[in-house]
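# Geometric and topological summary
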Amino acid sequence: MGIGMFVTAGERSGGARPSEDRIVRVPRADTVIVLDGVSTLSAANPLGGWYADSLGMELAADLTKTPDRDLREALGRAIGAVAVRHGLVPGSAPAATVAMVRLRDDRVEALVLADTPIIALRRDGSEDALRDDRLAELVTAQPRYQEYQDRLRDGQGFASPDHRRLLQELRAIQMDHVNRHGPGEYWVAEAVPEAAHHAMVRSWPAADLTGLLGMTDGVSCAVEEYGLVPSWTAMARDCMKSGPQSVVDAVHAHEETDPDGRRHPRYKVRDDKALAWVRLDSAEDGMT
């Protein structure tokens, strides 16, 4: 009897618009994919949710046909295929962060591109985080980052013109450094297949793990910024006890108690959220 991979998930939109976060299961490849769509500044262009859907479906189709393909190679092929099919132009195309978990033989493989972390929970009680912090390091070093946080703490709120201006300026800085070589660069799935080869990857013996968490930053903030959940292990316990959807809903409710961002300065009142709990256990069946 081998080790099986069992996935449960929770998702929720941050507001009135449909969520741009996606969770894609690929049963034939024992793979789950978590994507966080990034909208373009112009509403005339396809939005991040459309891109996350397109990239997720391309990845699922490719891994279903070739389940042993290297994860970076699969992602690069998918980015290229979507860009060619839809005529996407680097620098002006929608984008998405990507996280993938795959059970392959007796090992678990993971890939992270941009700020959608994967947390592996070991049977000895320890945690191993696979993260890509390049975007966060670029943004938090900017004076505008501290300024917008200070303004929220002072009670100016998310709707103030200064808040929107500062976010637009931060976004412009991000676009100057996306998918380019050089100081301060970061990589994200967009229209440049090379980005996939800059993804962070790791693997673990499947027998060493109880499970993994894959999530967008609308959920990871519960541990890293809000202190709502004390640890990744605690989040995994909550997933096992009440399900990932209850975790997602708890984060959403917590944000509603801080509508002006005074306690937890952030980009918007509520972000989209997606959380996949991947349980590893002895089983004769595959992923469910």
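The following paragraphs examine the structure supplied in this document. Because the structure is predicted, anything quoted here is derived from the model rather than measured.

All right, on to the overall build of the chain then. When its secondary structure is counted, the chain shows eight helices and ten strands. Relative to the globule expectation of 19 Å for 288 residues, the C-alpha radius of gyration of the chain, 19 Å, shows essentially globular dimensions. For the chain, the spread of C-alpha atoms along the three principal axes comes to 60 × 45 × 35 Å. For the chain, the residues scored as buried account for 52% of the 288 residues in total. A separation of at least 24 residues holds for 70% of the contacts in the chain among residues at least 6 apart in sequence. Split by element, the accessible area of the chain, about 12700 Å² in all, is 49% carbon and sulfur. Charged side chains of the chain number 34 positive and 45 negative; the gap between the two group centres comes to 2 Å.

What follows is about the sheet that holds strand 6 (residues 118–122). Pairing in this open sheet of five strands is antiparallel, and the strands run 1-10-9-6-7 from one edge to the other. The strands lining the two open edges of the sheet, one partner per strand, are strand 1 (3–12) and strand 7 (127–130). In this sheet, adjacent strand axes meet at a mean angle of 15° when their direction is disregarded. Where strand 9 (residues 209–215) lies against strand 10 (residues 273–282), five bridges are found, and the strand directions are antiparallel. Within the sheet, the bridge partner assigned to L212 lies in strand 10 and is V278. The strands touched by helix 6 (residues 217–224) are strand 9 and strand 10; relative to strand 10, the strand with the most contacts, the crossing angle is about 75°.

Here helix 1 (residues 48–65) spans 26 Å end to end across 18 residues, near enough to the 26 Å set by a 1.5 Å rise per residue. Tucked inside the fold, the buried residues of helix 1 contact strand 2 (21–26), strand 3 (31–38), helix 2 (71–86) and strand 4 (95–104).

Before going further, it helps to examine the pairing of strand 9. Two faces belong to every sheet, and in a regular strand the side chains alternate between them. Most of strand 9 is tucked away: six of the seven residues are buried. Note: strand 6 against strand 9, five bridges, orientation antiparallel. In the strand pairing of strand 9, A120 is matched with L212.

Right, let's talk about the nonpolar core for a bit. Within the largest apolar cluster, 31 residues are counted, with the highest numbers of intra-cluster contacts made by L55, L59, L75, V98 and M100. At the level of secondary structure, the elements contributing two or more residues to this core comprise strand 2, strand 3, helix 1, helix 2, strand 4 and strand 5 (107–113). The leading source of residues in this core is helix 2, at seven residues. Setting aside residues no more than four positions away along its own chain, L55 makes contact with L35, L75, A78, I79, V82, V98 and A189. Counting 22 residues, the second-largest nonpolar core is a separate cluster that includes V112, I118, L209 and A274.

Next up on the list: helix 5 (residues 161–177). With 17 residues, helix 5 should cover 24 Å at 1.5 Å per step; its first-to-last C-alpha distance of 25 Å lies within 8% of that length. Within the sequence span of helix 5, burial applies to H163, L166, L170, R171, I173 and Q174. Viewed end-on, helix 5 has its buried residues packed into an arc of 160°, placing them on one side of the element. Set apart from the buried face of helix 5 by more than 90 degrees, the exposed residues are P161 and Q168.

What counts, and where the lines are drawn
- Residues numbered from 1 in each chain as written.
- Predicted model: local features only at pLDDT ≥ 70, side-chain atom pairs only at ≥ 80, totals over all residues.
- Heavy atoms only, no water.
- Helix = DSSP H or I, 4+ residues; strand = E, 2+ residues; numbered from the N terminus.
- Rg over C-alpha atoms; globule rule 2.2 N^0.38 Å.
- Buried < 20%, exposed > 50% of the residue type's maximum accessible area, 1.4 Å probe, protein only.
- Contact = heavy atoms within 4.5 Å.
- Areas by Shrake-Rupley, 256 points an atom, 1.4 Å probe, with all protein chains shown as cover.
- Lys, Arg positive; Asp, Glu negative; His and termini not counted.
- Charge placed at Lys NZ, Arg CZ, Asp CG, Glu CD.
- Pairing = 2+ DSSP bridges.
- Axes fitted to C-alpha atoms, helices over the stretch in contact; angles between N-to-C directions.
- Expected span 1.5 Å × (residues − 1).
- Core = buried A, V, L, I, M, F, W, Y, C linked by side-chain atoms within 4.5 Å.
- Arc of directions from axis to C-beta.

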